[in-house]
Amino acid sequence: MTIWNEDILNRPIFKGISTESIARLLMTNSQRKSYEPNEVVFRKGDNLKYFCIIEKGLLKSSEYTSAGKEMSSSFFYHEKDMGTDYPFAIDAFPFYLIYGGMGKHTMDTYSVKSSTIIKIPLDELKPIVESDPVFMKNVLMFVSEFACYSQIMLRAVEYRRVEERLAYWMLNVNESRNNIRIPYSQEVLAGMLHVSRSSLNQELIRLREEGLIEVNKRKITIKNVKYFLDLI
């Protein structure tokens, strides 16, 4: 049974690529693999052999100090309800390592929730990308967007208070500051901001009760932009 379906081929990374490139993708020795919660997908130091598409679930890549403290982390997931207004595609990895010249994984990557990923062999994928200008442009856009989002998250966690970290994230995650989507879940956003889930939830409740934001399910609308600008 083929692993390729309309959902996978409609991802931003494959948008507009040639029919020849699609045909070559279908011929690759790609594999679908499922992981249980907390199961390791790749370990730091593993050779880079695959490009991965998240079919469902949630993966996390983390780096730790020698004392076991988490230094940095990235989340990867796909949600059909994120919508086209979400500015960053984070449903695939690790092109930023592949085209950054890294030969090995730099972090441990594991499945946070039950997850399924598509693993495409790099030695088969790279010639397809490099022979298709649209495909290469998609890769460049993907890497650029991932780098921008990572920069926002790194800058956000430099602030001390939860309110400040949340403010920086909200003000920079999109241009409209309306319908800001909480990525995947509040638990994931808390992980991105390096705060506890309960602290983030308490802050969102307080800001909503004070009329500074509106929260509708997993969408946030800023009602008082000046308040948050003054925080940062």
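Refer to the structure printed above.
## Regarding the overall build of the protein chain
Then step 1. Helix and strand counts for the protein chain stand at nine helices and eleven strands.
Then step 2. Buried residues in the protein chain amount to 47% of all 232 residues.
Then step 3. Looking at the protein chain alone, contacts between residues at least 24 apart form 72% of all its contacts between residues at least 6 apart.
Then step 4. As presented, the protein chain carries roughly 12,000 Å² of accessible surface, and 50% of it is formed by carbon and sulfur atoms.

## Quick look at the nonpolar core
Then step 1. Judged by nonpolar contacts, the single largest core of 45 residues is most densely connected at Leu166, Trp169, Met170, Leu193, Leu200, Ile220 and Phe228.
Then step 2. If you look at the next biggest cluster of nonpolar residues, it comprises 23 residues, including Ile3, Trp4, Val139 and Phe142.

## Side note on the packing of aromatic side chains
Then step 1. Under the defined criterion, the tally for this structure stands at seven aromatic pairs.
Then step 2. A centroid spacing of 5.8 Å and a plane angle of 35° characterise the contact between Tyr159 and Tyr168, whose relative ring orientation is tilted.
Then step 3. An aromatic cluster is defined as three or more aromatic residues linked by ring pairs; in this entry it consists of Phe42, Phe76, Phe93 and Phe146.
Then step 4. The ring of Tyr50 has Lys119 lying over it, and the distance from NZ or CZ to the ring centre is 4.7 Å.
Then step 5. It is Arg155 that lies over the ring of Tyr168; its NZ or CZ is 5.5 Å from the centre.

## Considerations on the side chain of Thr28
Then step 1. Among the structural elements, Thr28 can be located in the loop between helix H2 (19-26) and strand S1 (31-35).
Then step 2. Overall, Thr28 belongs to the buried group, its relative accessible area being 10%.
Then step 3. In this structure the side chain of Thr28 is engaged in a polar contact, spanning 2.6 Å, whose partner is the backbone oxygen of Leu25.

## A word on the sheet that holds strand S9 (residues 180-181)
Backbone-to-backbone hydrogen bonds join strands into a sheet, with any given pair of strands oriented parallel or antiparallel.
Then step 1. Spatially, the three strands line up as an open sheet ordered S9-S11-S10, and their pairing is antiparallel. In this open sheet, the two edge strands, each paired with only one partner strand, are S9 and strand S10 (213-216).
Then step 2. Across four bridges, the pairing between S10 and strand S11 (residues 219-222) is antiparallel. Note that in S11 the partner of Asn216 across the bridge is Lys219.

## Side note on the pattern of salt bridges
Then step 1. Applying the stated criterion across every chain yields a total of twelve salt bridges.
Then step 2. For Arg161, the salt bridge is made with Glu163, and the minimal N-O distance between the two is 3.0 Å.
Then step 3. Residue Arg161 is classed as partly exposed on the basis of its relative accessible area of 32%.
Then step 4. Classification of Glu163 by relative accessible area gives buried; the value is 6%.
Then step 5. Where Arg161 meets Glu164, a salt bridge forms, and the shortest distance between an N and an O atom there is 3.3 Å.

## Some words on helix H7 (residues 186-193)
Then step 1. The buried fraction of H7 is high, at seven of eight residues.
Then step 2. Every buried residue of H7 is listed here: Gln186, Val188, Leu189, Ala190, Gly191, Met192 and Leu193.
Then step 3. Two residues or fewer after H7 comes His194, characterised by a positive phi angle close to 55°.

About the cut-offs
Residues numbered from 1 in each chain as written. Predicted model: local features only at pLDDT ≥ 70, side-chain atom pairs only at ≥ 80, totals over all residues. Heavy atoms only, no water. Helix = DSSP H or I, 4+ residues; strand = E, 2+ residues; numbered from the N terminus. Buried < 20%, exposed > 50% of the residue type's maximum accessible area, 1.4 Å probe, protein only. Contact = heavy atoms within 4.5 Å. Areas by Shrake-Rupley, 256 points an atom, 1.4 Å probe, with all protein chains shown as cover. Core = buried A, V, L, I, M, F, W, Y, C linked by side-chain atoms within 4.5 Å. Phe/Tyr/Trp six-rings, centres within 6.5 Å; stacked < 30°, edge-to-face > 60°. Lys NZ or Arg CZ within 6 Å of the ring centre and 35° of its normal. Polar contact = N/O pair within 3.5 Å; in protein donor to acceptor, adjacent residues only side chain to side chain. Pairing = 2+ DSSP bridges. Salt bridge = Lys/Arg side-chain N within 4 Å of Asp/Glu carboxyl O.

Worth remembering: the numbers are spatial, not functional.
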